[in-house]
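These are the residues of each chain, in order.
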Amino acid sequence: MGFEGVLGHEFVGEALEGPLAGRRVVGEINAACGACADCQAGLGRHCAERTVLGILGRDGAFAETLTLPAENLLTVPDDVPDEAAVFAEPLAAAFEILEQVKIQAGARVGVLGDGRLGLLCAFALASAGARVTLLGRHAEKLALAKKRGIDTLRSDADGLPAELRRCQDVVVEATGSSAGLFAALDWLRPRGTLVLKTTTHDVPPASLARIVIDEITVVGSRCGRFAPALDALASRRVDPSDLVEAVYPLSQGERAIDHAGRRGARKILLRVEGGA
Ligand SMILES: [Zn+2]
């Protein structure tokens, strides 16, 4: 987005002002204008005039304080620890899939990519009763899915095993690579649904042909409402706290960023002490 400013859009903190002052809160990251046609239709996440925390026109959460409109804030239930609540934003993005695609209990869903978002998508879809298979590169991350009863598959250069081709009702592409896009199309049954979760694709023309021939429905999916994610955290249907790999104080933010950039790193948190 060419953003310059304070990064960070996933946070849990204490509201200092406004109707929730003194409460522990998370916050939806899109601050919409409230007046345009998209906003009037309840689609503030698509408002053309919006600012986005730590991403577009609004300083983010790697700081002692940040500002968001009061209506963006949600109270965190007391029994949800910070280490789980801080996942509300990416988990909301994962639950967005369930608002966009009707997934029957027992539906076969493939998730491509064991990055942080891919894992959360797998957890969210499994919590909704789907039969999830996660395809990823990192044994340690796949183990996190396996212990939640999710089938896992180590990806390699040879692509999918023959028995897994053309059998999934829904495939979530969360690798952001065009190779991932091909694998997703190999995995889907005819008339299946491809959910695109990442934005860095170049789209090879051959994949467009596959989408036509197999009559694939393609759904772009980005941010979601926080309420379903907070519900899942509060009821422990999803507990992502074992995704946390390390916690750094804000004063060691550069070390934290380096660590987060290591291959296969799980979630790195910054702990911000003090505040206004
Ligand atoms: Zn608007």
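Keep in mind that what you see is a predicted model, and the values were worked out from it rather than measured.

**Q** Explanation requested: the packing of helix α6 (residues 178–187) against helix α7 (residues 205–213) in the structure shown.
**A** Working note: a packed helix pair is described by the angle between its axes plus the distance between those axes. Where α6 contacts α7, the two axes come as close as 10 Å, and the packing angle between them is 20 degrees. With respect to α7, the element α6 is oriented roughly parallel. Of the two possible hands of crossing, α6 and α7 adopt the one that is left-handed. Contact residues: L181, F182, L185 and D186 in α6; A206, S207, R210 and I211 in α7. Class assignment of the residues belonging to the contact of α6 with α7 gives a composition of five nonpolar, one polar and two charged.

**Q** In this structure, what is going on with the pattern of salt bridges? I would like to understand it.
**A** According to the stated counting rule, one finds 15 salt bridges in the structure shown. In this structure, K267 and E10 form a salt bridge, with 2.7 Å as the shortest nitrogen-oxygen distance. In this pair, K267 is assigned in strand β14 (residues 267–271) and E10 in the segment before β1 (13–14), connecting sequence segments 257 residues apart. On the accessibility criterion, K267 (12% relative accessible area) is buried. As a salt-bridge pair, D242 and R148 come within 2.8 Å of each other at their nearest N and O atoms. You can see D242 sitting in the loop between α8 (226–234) and β13 (244–249) and its partner R148 sitting in the loop between α5 (139–146) and β9 (151–154), a full 94 residues away along the chain.

Procedures and definitions
- Residues numbered from 1 in each chain as written.
- Predicted model: local features only at pLDDT ≥ 70, side-chain atom pairs only at ≥ 80, totals over all residues.
- Heavy atoms only, no water.
- Axes fitted to C-alpha atoms, helices over the stretch in contact; angles between N-to-C directions.
- Helix = DSSP H or I, 4+ residues; strand = E, 2+ residues; numbered from the N terminus.
- Parallel < 35°, antiparallel > 145°, perpendicular 65-115°, else oblique.
- Left-handed = near helix turned anticlockwise from the far one by under 90°.
- Contact = heavy atoms within 4.5 Å.
- Nonpolar A, V, L, I, M, F, W, Y, C, P; charged D, E, K, R; others polar.
- Salt bridge = Lys/Arg side-chain N within 4 Å of Asp/Glu carboxyl O.
- Buried < 20%, exposed > 50% of the residue type's maximum accessible area, 1.4 Å probe, protein only.

Taken by themselves, the reported measurements are silent on function.
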